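# Summary of structural features
Below, each chain spelled out in residue letters.
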Amino acid sequence: MRLAKKAATYAQDFPSDGTQVLTRQRRKDQWINVDGVVDLYESYIIPLTKEVEVDYLLQRLNGLKEEEIEALSKRNLD
């Protein structure tokens with residue numbers, strides 16, 4: 001999963017010489033729980049973001065007439 005890979009990369013403690021840490025060694029050098037980060041994003045952050053985006057889009061429809069909303073919905077399907 002992309003999120004787990006990002007969290008694992010950011011959680012590394014790189015040596016000062018910039019060499020890459022081997023995968024076996026990487027786990028003990030991590031500063032955060034990668035699985036916890038993935039769970040947090042999947043359970044809370046992503047669903048909340050979607051909810052906020054939908055609320056924002058619905059607010060943009062306020063004040064429009066029914067015909068205008070219908071025209072917008074048809075235009076986006078083409």
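Higher on the page you've got the structure.
In short, a report on the structure. Nothing here was measured: the structure is a model prediction, and the numbers come from that model. (Residues numbered from 1 in each chain as written. Predicted model: local features only at pLDDT ≥ 70, side-chain atom pairs only at ≥ 80, totals over all residues. Heavy atoms only, no water.)

## Notes on helix H1 (residues 2-10)
All of the buried residues in H1 are Leu3, Ala7 and Ala8. Viewed along the axis of H1, the buried residues span an arc of 130 degrees, placing them on a single side of the element. Every exposed residue of H1 that faces more than 90 degrees away from the buried side is listed here: Arg2 and Lys5. (Buried < 20%, exposed > 50% of the residue type's maximum accessible area, 1.4 Å probe, protein only. Helix = DSSP H or I, 4+ residues; strand = E, 2+ residues; numbered from the N terminus. Arc of directions from axis to C-beta.)

## Topic: the nonpolar core
Nonpolar side chains in soluble globular proteins tend to be buried together. Judged by nonpolar contacts, Leu3, Ala7, Ala8, Val34 and Val38 together constitute the single largest core of five residues. Listed by contribution, the elements that provide at least two residues to this core are H1 and helix H3 (34-61). When residues of this core are assigned to their parent elements, the largest contribution, three residues, is made by H1. Setting aside its immediate chain neighbours within four residues, Leu3 contacts Val37, Val38 and Tyr41. (Core = buried A, V, L, I, M, F, W, Y, C linked by side-chain atoms within 4.5 Å. Contact = heavy atoms within 4.5 Å.)

## What about the packing of H1 against H3?
The contact between H1 and H3 brings their axes to 9 Å, and the two run at 135 degrees. By the angle between their directions, the pair H1 and H3 is classed as oblique. Taken as a pair, H1 and H3 cross one another with a handedness that is right-handed. Residues Leu3, Ala4, Ala7 and Ala8 of H1 lie in contact with H3, whose contacting residues are Val34, Val37, Val38 and Tyr41. Residues of the contact of H1 with H3, tallied by class, amount to eight nonpolar, no polar and no charged. (Axes fitted to C-alpha atoms, helices over the stretch in contact; angles between N-to-C directions. Parallel < 35°, antiparallel > 145°, perpendicular 65-115°, else oblique. Left-handed = near helix turned anticlockwise from the far one by under 90°. Nonpolar A, V, L, I, M, F, W, Y, C, P; charged D, E, K, R; others polar.)

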